[in-house]
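Below are the chains, spelled out letter by letter.
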Amino acid sequence: MGERGKSSNNHGERKKGMRRKDHKGSRGFDGDSNKRNQSGGAPNVKPASKKQSEFEHQNQFVRKEIDPETSKYFSEIANLFDSNEVELEERSVICGNALEETRGREYEIATDYIISHVLQTLLEGCELDQLCSFIRNSATVFPAIAMDRSGSHVAESALKSLATHLENPDAYSVIEEALNSICKVIVDNPLDMMCNCYGSHVLRRLLCLCKGVSLDSPELYGAKSSKALAKRLNLKMSQLDDNTLEIPHQGFPDMLKYLLSGLLNCSREDMKYLQVDQYSSLVLQTALRLMLKQDEELLEIIPLILRCNSTNKKLEGFHIETNVAKEILESMKDNSFSHLVEVILEVAPESLYNEMFNKVFKNSLFELSVDRCANFVIQALISHARDQEQMGMMWEELAPRFKDLLEQGKSGVVASLIAVSQRLESHEHKCCEALVGAVCSTNESRISIVPRLLFLDYYFGCRDKSTWEWAPGAKMHVMGCLILQGIFKFSSDHIQPYITSLTSMKAEYITETAKDSSGARVIEAFLASNAATKQKRRLIIKLRGHFGELSLHTSGSFTVEKCFDACNLTLREAIATELLDVKVDLSKTKQGPYLLRKLDIDGYASRPDQWKSRQEAKQSTYDDFCSTFGSNKSNFPKNTFVSDTSEDAYQEIEVKNTRKEIDHHPTSGFKRHREEHAKDKDEPFAGEKRAKQKKNKTSEATDKPKLAGSKRPFLSGEMTGKNRHSNKLRI
């Protein structure tokens with residue numbers, strides 16, 4: 001959505017959300033800006049763009065011209081609404097009368113570049129009966145409207161308006177009838193709409209509406225969410241780790257099954273093209289995410305998408321034939337198909353995941369890991385490993401090639417393997433040693449392991465690695481820092497080389513690391529680890545004189561807080577003194593008031609002796625707590641007072657920031673160029689929201705609606721008036 005030029009009817013100014021603009025180099029609002037090629041070099045796979053162009057050529061509607069009287073009528077309505085002189089009751093009447101004028105001409109009016117804006121306003125302001133009447137009247141041409149550049153916005157507005165009425169229980173049956181009229185037309189010929197850049201977007205919104213989830217959830221539109229990245233790298237705290245979709249209303253489960261049944265009711269040859277088409281692939285991804293944790297349905301849907309044979313699940317289970325496995329492996333290097341397989345691995349039931357791992361991926365992990373598209377699939381595969389046995393097989397194939405993966409810029413695969421090693425508690429020491437061997441040669445000192453990981457791209461980009469030195473002023477490598485964060489989650493027995501390397505860095509290097517947004521998280525991860533107290537204080541001492549400067553930065557303020565919690569009374573007093581010197585400037589920052597309050601800087605300024613006594617009492621209380629309730633397996637840092645109440649919220653904010661950095665980093669292993677990626681919204685500072693978040697934790701768990709009703713075969717149910725055909729792509 002963006003501004004567009006003024007028209008002859010002076011409709012250049014429109015309400016927010018009503019303006020749209022073609023982006024240069026894209027195919028509309030759903031264009032894929034990914035630089036990766038569509039076919040990805042996969043053998044025996046035809047380019048999806050050619051197939052789509054055939055669809056568009058064969059499905060062009062003959063559009064009648066709008067008469068001047070109709071144009072003038074809607075222009076007057078637009079001017080009336082823009083004047084803000086219409087009462088709410090009058091507005092509803094005007095919307096109803098105007099929608100009645102569209103009867104029999106829905107397609108022509110909805111696809112008009114100017115009038116379509118007015119029609120969007122009418123659909124947003126009309127009553128439910130008027131809205132549903134318009135949808136039923138336009139049902140026969142709804143797919144054509146949805147596949148038009150302007151009409152797609154009208155179709156989306158209609159669906160959004162329907163969603164706003166779902167809070168009223170009495171409206172459920174009326175809305176279901178309107179949706180039924182649309183779905184019946186779509187399933188008669190779904191392939192054209194699935195492969196259209198505009199139609200696929202509307203279709204995904206329709207699927208979300210039928211499921212009962214938010215129509216604006218970025219995860220359902222192809223975006224790799226911050227939460228997904230956090231889970232993949234074990235960065236998310238347990239209470240934030242939730243895979244379930246938020247369902248604000250009950251949705252229309254029968255309608256969803258009917259619609260998905262029609263979308264997937266195509267030949268194997270048709271599905272071959274749907275897999276690699278960038279728009280139909282997104283539709284399939286959305287459908288899979290909507291069926292998360294519904295294993296019975298997924299065991300029917302996924303084999304159809306992968307073009308596999310599915311046997312009797314109760315007797316023999318799911319299996320992939322050898323020739324199909326080969327086709328899947330070859331297509332994995334395609335951009336769209338790689339995205340689709342990522343989602344399949346995320347939602348797949350255990351039996352299906354195991355079959356895919358053994359039949360498709362086993363013995364091909366490294367080959368796929370170095371591919372520019374398939375390496376993301378391998379990251380998803382590793383992240384969802386089920387047990388230590390699978391971890392062991394992945395280790396055998398990938399660990400000896402760590403250095404090759406890092407040299408080729410596929411550090412995301414290494415990070416995923418380290419994360420799953422920590423999650424499954426398998427091969428932890430071996431992972432740490434393998435990484436050391438990949439970054440430092442046998443005859444080299446291990447003292448440089450941390451600096452090289454901090455500047456991973458600079459180090460491996462250096463021709464003569466033996467002469468590489470610290471790169472002052474350069475931005476630290478995001479994925480290298482994420483790898484180090486994962487390393488410091490291991491037991492200190494496994495990571496002594498990393499601890500020694502970090503604590504042996506020069507004071508100016510430690511300070512520069514703390515000032516970098518990614519590097520600061522490495523220091524925080526080290527301070528939160530179970531490394532020895534003396535080792536932590538050795539690092540903190542090197543930051544003396546810079547705590548005031550660090551506290552003025554959002555990321556640095558959390559590092560200061562972690563240092564304060566990890567050090568003794570003498571160092572705490574030194575930190576408080578430095579913060580007192582910058583108190584005025586610090587109080588003006590977003591994070592400053594919380595940090596000043598948390599460290600009680602005012603108390604230190606007014607009564608330093610009492611402040612010291614309180615700090616000693618806090619430390620003594622925490623030591624008693626650890627001695628009473630602590631365990632050898634606890635991950636609590638034994639030398640700190642309390643676990644940070646803002647850590648969970650801060651973790652979520654930092655993951656969002658990390659996602660942004662990765663999206664813009666030239667060599668990041670997780671980089672994905674997608675136009676449909678949603679921009680992360682700014683979050684409030686964690687400390688200001690921590691009380692509200694704790695209050696809402698229990699209510700969120702109890703407010704989620706429970707889906708009731710007995711299950712039936714997903715693709716076998718019949719609906720009254722249903723008309724399904726086996727559609728084949730026209731070549």
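Predicted model only: the values in this text are computed from it and were never measured.

## Remarks on the overall build of the protein chain
Piece 1. Within the protein chain one finds 41 helices and 0 strands.
Piece 2. Split into buried and exposed, the 731 residues of the protein chain put 55% on the buried side.
Piece 3. The long-range share in the protein chain, meaning contacts at least 24 apart out of those at least 6 apart in sequence, stands at 76%.
Piece 4. Carbon and sulfur atoms provide 48% of the accessible area of the protein chain, an area that totals close to 32700 Å².

## A closer look at the packing of helix H31 (residues 517–527) against helix H32 (residues 533–541)
Piece 1. Packing of H31 against H32 brings their axes to within 10 Å, and their N-to-C directions diverge by 150°. With respect to each other, H31 and H32 are oriented roughly antiparallel. Only Gln535, Lys536, Leu539 and Ile540 of H32 make contact with H31, whose side of the interface consists of Ile523, Phe526 and Leu527.
Piece 2. Of the residues belonging to the contact of H31 with H32, the class tally is 5 nonpolar, 1 polar and 1 charged.

## Topic: the nonpolar core
Piece 1. Phe361 and Tyr498 are the most contacted members of the largest nonpolar core, which has 194 residues in total.
Piece 2. With residues near it in sequence (within four places) discarded, Tyr498 still touches Cys432, Leu435, Val436, Ile449, Val450, Leu453, Leu484, Ile487 and Phe488.

## A word on the pattern of salt bridges
Piece 1. In total, this model carries 16 salt bridges according to the counting rule given.
Piece 2. In this structure, Asp565 and Lys598 form a salt bridge, with 3.9 Å as the shortest nitrogen-oxygen distance. Of the two residues, Asp565 sits in helix H34 (residues 554–566) while Lys598 sits in helix H37 (residues 592–598), which places them 33 residues apart along the sequence.
Piece 3. Through salt bridges with shared partners, a single ionic network connects Glu561, Asp565 and Lys598.

## Some words on the packing of helix H3 (residues 88–101) against helix H5 (residues 115–125)
Piece 1. Close contact between H3 and H5 brings their axes to 9 Å; oriented N to C, the two are set at 125°. Between H3 and H5, the crossing angle belongs to the class labelled oblique. Every pair of crossing elements has a handedness; the one defined by H3 and H5 is left-handed. Two secondary-structure elements touch here, H3 through Arg91, Ser92, Cys95, Ala98 and Leu99 and H5 through Leu119, Thr121, Leu122, Leu123 and Gly125.
Piece 2. Residues that form the contact of H3 with H5 fall into these classes: 6 nonpolar, 3 polar and 1 charged.

## A few points about helix H9 (residues 172–188)
Piece 1. Over its 17 residues, H9 extends 25 Å from the first C-alpha to the last, a length consistent with the 24 Å expected when each residue adds 1.5 Å.
Piece 2. Three or more residues of H9 are buried, namely Ile175, Ala178, Leu179, Asn180, Ser181, Ile182, Cys183, Ile186 and Val187.

## Here's the deal with the packing of aromatic side chains
Piece 1. Inspection of every chain in the model, using the stated rule, returns 13 aromatic pairs.
Piece 2. Centroid distance Tyr172 to Phe252: 4.5 Å. Interplanar angle 20°. Geometry classified as stacked. Remark: Phe252 occurs in the loop between helix H12 (226–232) and helix H13 (253–264) and Tyr172 occurs in helix H9; sequence separation between them is 80 residues.
Piece 3. According to the relative accessible area criterion, Tyr172 is partly exposed, its value standing at 21%.
Piece 4. For Phe252, a relative accessible area of 1% translates into the label buried.

## Quick notes on the environment of Ser157
Piece 1. Mapped onto the fold, Ser157 is located in helix H8 (residues 151–164).
Piece 2. A relative accessible area of 5% places Ser157 in the buried class.
Piece 3. Measuring from C-alpha to C-alpha, the distance between Ser157 and Thr121 comes to 8.4 Å, with 36 residues separating the pair along the chain.
Piece 4. Once residues within four sequence positions are removed from consideration, Ser157 is found in contact with Gln120 and Glu124.

## Some points on the confidence of the model for the protein chain
Piece 1. With 73% of its residues at a pLDDT of 70 or more, the protein chain shows a mean pLDDT of 80.
Piece 2. Overall, residues 1–51 carries pLDDT values under 50, and its contacts beyond four positions in sequence, including any with other chains, amount to 125 contacts.
Piece 3. Low pLDDT (under 50) marks residues 631–651, which in the prediction has 55 contacts with non-local residues, meaning those over four places away or in another chain.

## Digging into helix H19 (residues 350–361)
Piece 1. Among all positions of H19, only Leu352, Tyr353, Glu355, Met356, Phe357, Val360 and Phe361 are buried.
Piece 2. For H19, the elements touching its buried residues are helix H16 (295–306), helix H17 (322–331), helix H18 (335–347), helix H20 (365–369), helix H21 (374–383) and helix H22 (388–398).

## Remarks on the environment of Glu346
Piece 1. Mapping Glu346 onto the fold places it in helix H18.
Piece 2. Given the relative accessible area of 24%, Glu346 is considered partly exposed.
Piece 3. For Glu346, the contacting residues outside a window of four places in its chain are Arg232, Arg289 and His384.

## Quick notes on the state of the cysteines
Piece 1. In total, this model carries 0 disulfides according to the counting rule given.
Piece 2. Here Cys208 stays unpaired: no disulfide links it, and the sulfur of Cys210, its closest cysteine neighbor, is 9.4 Å away.

## What to know about the environment of Thr511
Piece 1. Relative to the elements of secondary structure, Thr511 occurs in helix H30 (residues 507–515).
Piece 2. Linking Thr511 and Arg544, residues 33 residues apart in sequence, is a C-alpha distance of 9.2 Å.
Piece 3. Beyond its immediate chain neighbours, meaning those up to four positions away, Thr511 contacts Lys542, Leu543 and His546.

Parameters at a glance
Residue indices follow the written sequence of each chain, beginning from 1 at its first position. In keeping with the predicted nature of the model, local features appear solely for residues at pLDDT of at least 70, side-chain atom pairs appear and are counted solely at 80 or more, and the whole-chain, interface and lining totals rest on all residues. With hydrogens and water excluded, all non-hydrogen atoms of the structure serve as input to the side-chain values. Helix and strand definitions follow DSSP, with helices as H or I runs of at least four residues and strands as E runs of at least two, each counted in order from the N terminus. Buried, partly exposed and exposed residues are distinguished by accessible area as a fraction of the type maximum, computed with a 1.4 Å probe on protein chains only: under 20%, between the cut-offs, and over 50%, respectively. In what follows, residue pairs with any heavy atoms lying within 4.5 Å of each other are defined as contacts. Only the protein chains shown count as cover for residues, with accessible areas throughout obtained via the Shrake-Rupley method and a probe of 1.4 Å. Lines fitted to the C-alpha atoms define the axes, with helices restricted to the stretch that makes contact. Angles between their N-to-C directions range from 0 to 180 degrees. We call two directions roughly parallel when the angle between them is under 35 degrees, roughly antiparallel when it is over 145, roughly perpendicular when it lies between 65 and 115, and oblique otherwise. For this scheme, ten residues count as nonpolar: Ala, Val, Leu, Ile, Met, Phe, Trp, Tyr, Cys and Pro. Four count as charged, namely Asp, Glu, Lys and Arg, and the remainder, Gly too, count as polar. Buried Ala, Val, Leu, Ile, Met, Phe, Trp, Tyr and Cys residues that are joined via side-chain atoms within 4.5 Å together make up what is termed a nonpolar core. A carboxyl oxygen of Asp or Glu within 4 Å of a side-chain nitrogen of Lys or Arg is what we treat as a salt bridge. Crossing handedness is read from the near helix: turned anticlockwise from the far helix by less than a right angle, it gives a left-handed crossing, and turned clockwise, a right-handed one. Here the expected length of a helix is defined as 1.5 Å per residue gap, with one fewer gap than residues. Here a Phe, Tyr or Trp ring, Trp counted by its six-membered ring, pairs with any other such ring whose centre lies within 6.5 Å, and the pair is stacked when the planes are under 30 degrees apart, edge-to-face when over 60, and tilted otherwise. Note: pLDDT gives the predictor's confidence per residue, expressed from 0 to 100. Cysteine sulfurs are considered disulfide-paired once they come within 2.5 Å of each other.

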